[in-house]
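Below, each chain spelled out in residue letters.
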Amino acid sequence: MKAIAVLRHPGDCVETAPRMQLIADSAMVAAGRPLFLPDFAPSWRARIGLAFRISRLGKDIAPRFVGRYVDAFCLCMQLMPEGAAGDEAWGGLFDNCMALGTWRPVPDGEAIGIKLEDSVCDVGLGDIDMEQAVAAVSRYATLKTGDVIVAAFLPWVVGVKAGDDLRVDVDEEPVLSVRVR
């Protein structure tokens, strides 16, 4: 299993050769498990992404067929050292840096309401452009069952420290709950 993040925000166009980040399988933490902050940075921040799970083997998938290859979505939280240069500076390079939320069926075309503490945003699936993101990634890498594609990151960046309990809701239901240790 691997995870690949397309480095963009909802509403940004998916480039033909998108900026991507490979995230090791050892970096992903299943829903309900705590994230442990490494000791190699004094402070940490996190960003929230929209992740999609691949359900079958595929290579160079046309956008119109992506729905056949994706069976669920969740929110994810990726840790980054405070002050790291650029979005992709450290992501995916160390163990336990990405928490995955609870997998849910992919909604049919409607906007989803995402809430983190006091911040709320409605994200339309057209803004995420999951079909284009998965198609672009599959052009360069064979996608296998269980792979995770982070199609976009929300513009939120949150400071995190040991002892934090973060919760992100989708349409009033908790989808991502992370204990930071």
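Reading guide: rules and limits
- Residues numbered from 1 in each chain as written.
- Predicted model: local features only at pLDDT ≥ 70, side-chain atom pairs only at ≥ 80, totals over all residues.
- Heavy atoms only, no water.
- pLDDT = per-residue confidence, 0-100.
- Helix = DSSP H or I, 4+ residues; strand = E, 2+ residues; numbered from the N terminus.
- Pairing = 2+ DSSP bridges.
- Axes fitted to C-alpha atoms, helices over the stretch in contact; angles between N-to-C directions.
- Salt bridge = Lys/Arg side-chain N within 4 Å of Asp/Glu carboxyl O.
- Buried < 20%, exposed > 50% of the residue type's maximum accessible area, 1.4 Å probe, protein only.
- Contact = heavy atoms within 4.5 Å.
- Polar contact = N/O pair within 3.5 Å; in protein donor to acceptor, adjacent residues only side chain to side chain.

## Concerning the confidence of the model for the chain
For the chain, mean pLDDT is 88; residues scoring 70 or higher make up 95% of the total. Averaged over each element, pLDDT in the chain is lowest for helix H1 (residues 125-128) (82) and highest for helix H2 (residues 130-140) (94).

## Here we look at the sheet that holds strand E9 (residues 148-160)
Taken in spatial order, the seven strands of this open sheet run E2-E1-E9-E4-E5-E6-E3, and their pairing is mixed. Every other strand in the sheet has two partners, leaving strand E2 (20-23) and strand E3 (28-29) as the edge strands with one partner each. Two elements, strand E1 (residues 3-6) and E9, share three bridges in a ladder whose sense is parallel. The residue of E9 that forms the bridge with isoleucine 4 is isoleucine 149.

## A closer look at the sheet that holds strand E11 (residues 173-179)
A sheet is described by the order of its strands in space; here four strands give the open sequence E8-E7-E10-E11, paired in antiparallel fashion. A single partner strand is all that each edge strand has here, and the edge strands are strand E8 (119-123) and E11. Averaged over neighbouring strand pairs, the angle between their axes works out to 20° when direction is ignored. Looking at chain direction, strand E7 (residues 112-116) and strand E10 (residues 165-170) are connected through three bridges and run antiparallel. Residue pairing for E10: leucine 116 is matched across the bridge by valine 168.

## Notes on the pattern of salt bridges
A side chain with one charge can pair with a side chain of the opposite charge if their charged atoms come near. Applying the stated rule across the entire model yields six salt bridges. A salt bridge links lysine 2 to aspartate 147, with the nearest nitrogen and oxygen atoms 2.7 Å apart. With lysine 2 in the segment before E1 and aspartate 147 in the loop between H2 and E9, the pair connects residues that are 145 residues apart, well separated along the chain.

## Side note on H2
Among all positions of H2, only Met130, Ala133, Val134, Ala135, Ala136, Val137 and Ser138 are buried. Lining the buried residues of H2 we find E1, E2, strand E4 (44-54), strand E5 (70-81), H1 and E9.

## Considering the side chain of serine 138
Tracing the backbone through its elements, the reader meets serine 138 in helix H2. Among the polar contacts listed, one links the side chain of serine 138 to the backbone nitrogen of isoleucine 61, at a separation of 2.8 Å. The contact partners of serine 138, leaving out residues within four places of it in the chain, are Lys59, Asp60, Ile61 and Leu143.

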